[in-house]
Amino acid sequence: GAGVSQSPRYKVAKRGQDVALRCDPISGHVSLFWYQQALGQGPEFLTYFQNEAQLDKSGLPSDRFFAERPEGSVSTLKIQRTQQEDSAVYLCASSLRGTSGNPNEQFFGPGTRLTVL
Amino acid sequence: TQLLEQSPQFLSIQEGENLTVYCNSSSVFSSLQWYRQEPGEGPVLLVTVVTGGEVKKLKRLTFQFGDARKDSSLHITAAQPGDTGLYLCAGTDNYGQNFVFGPGTRLSVLP
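The model shown is predicted, which means the values in this text are computed figures rather than measured ones.

**Quick notes on the packing of aromatic side chains**
For the structure on display, the rule yields ten aromatic pairs over all chains. Pairing Tyr35 of chain A with Phe108 of chain A gives two aromatic rings, centres 5.6 Å apart and planes at 40°, and the pair type is tilted. Taken together, the residues span a long stretch of sequence, with Tyr35 of chain A in strand E4 (residues 31-37) and Phe108 of chain A in strand E10 (residues 107-108) at a distance of 73 residues. Phe108 of chain A carries the same exposure label as Tyr35 of chain A, and that label is buried. Among the aromatic residues, those joined into a ring-pair cluster are Phe33, Tyr35, Phe45, Tyr48 and Phe108 of chain A together with Tyr35 and Phe101 of chain B.

This is the structure in structure tokens:
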């Protein structure tokens, strides 16, 4: 399909384990966003890439969270030494253009549901 | 930090009824977007409003952006079970850099 894909869809980790979540954006989309969505809440911004450049990482909750997009397409969100409070759905979104100027539509993936035991 | 509030948090209605949900902030946004999210899926964009006072219609859905660009409403006419979902508003600040979601209104339309 031509949409945003994320893998794995579900991940169960033991506390202290490292995890890596993958996002495949729509081909050619410049912008890529990561969000964290707790149960019953709206998505909360984590970080933003324009091509391979990480322009905003102000939403990352701690230095255990790290994101990269080395070739300006696929992105990986890594969480080190997972804690129970990291349990959430992690959403990835891409959009065609950069964020300056008029808003443009963000296309979301289905998310990865992370459960930390 | 710009915050968005949404009300009501939960809404359960019968098929055929009308409803309005609200998105409010003390901050001015350059644009607001409405999304619908179904369980196990990511949010899907419904509409973007940019101009204060703007009204947009999408079939049975009517969206309005407040004159001061601090609030927005979504009105659904003759709700159907297929309208069930989490309705999220999201705002962009004047620099187009920060994108903030509200907590959502969870709508359930009963047949």
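Back to the write-up after that little detour.
**Here we look at the sheet that holds strand E7 (residues 61-65) of chain B**
Residues and elements named next belong to chain B. In space, the five strands of this open sheet follow the order E1-E3-E8-E7-E6, with antiparallel pairing throughout. The outermost strands of the open sheet, each flanked by one partner alone, are strand E1 (5-7) and strand E6 (55-58). Across the sheet, the axes of successive neighbouring strands diverge by a mean angle of 15°, strand direction being ignored. The sheet contact formed by E6 and E7 spans four bridges and is antiparallel. In the sheet register, Lys57 faces E7, and the bridge partner there is Thr62.

**Notes on the interface of chain B and chain A**
If you look at the interface, chain B gives 23 residues, while chain A gives 19 residues. Carbon and sulfur atoms supply 50% of the area that chain B and chain A bury against each other, a total of about 1500 Å² over both sides. Taken together, the connections running from chain B to chain A amount to zero salt bridges. Counting every contact that joins chain B to chain A gives four residue pairs in polar contact (both at pLDDT 80 or more). Broken down by secondary-structure element, the contributors of at least two residues to the side of chain B that touches chain A are strand E4 (31-37), strand E5 (44-49), strand E9 (85-92) and strand E10 (99-101) of chain B.

**Digging into the environment of Cys92 of chain A**
Residue and element names in this part refer to chain A. The residue Cys92 is located in strand E9 (residues 88-95) in this model. Along the sequence, Cys92 and Lys11 sit 81 residues apart, while their C-alpha atoms lie 15 Å from each other. Discounting chain neighbours no more than four positions away, the residues touching Cys92 are Val4, Gln6, Cys23, Leu32, Phe33, Trp34, Phe107, Phe108 and Gly109.

Each value, and the rule that gives it
Residues numbered from 1 in each chain as written. Chains lettered and ligands numbered in written order. Predicted model: local features only at pLDDT ≥ 70, side-chain atom pairs only at ≥ 80, totals over all residues. Heavy atoms only, no water. Phe/Tyr/Trp six-rings, centres within 6.5 Å; stacked < 30°, edge-to-face > 60°. Helix = DSSP H or I, 4+ residues; strand = E, 2+ residues; numbered from the N terminus. Buried < 20%, exposed > 50% of the residue type's maximum accessible area, 1.4 Å probe, protein only. Pairing = 2+ DSSP bridges. Axes fitted to C-alpha atoms, helices over the stretch in contact; angles between N-to-C directions. Contact = heavy atoms within 4.5 Å. Buried area = accessible area lost by both parts, 1.4 Å probe. Salt bridge = Lys/Arg side-chain N within 4 Å of Asp/Glu carboxyl O. Polar contact = N/O pair within 3.5 Å; in protein donor to acceptor, adjacent residues only side chain to side chain.

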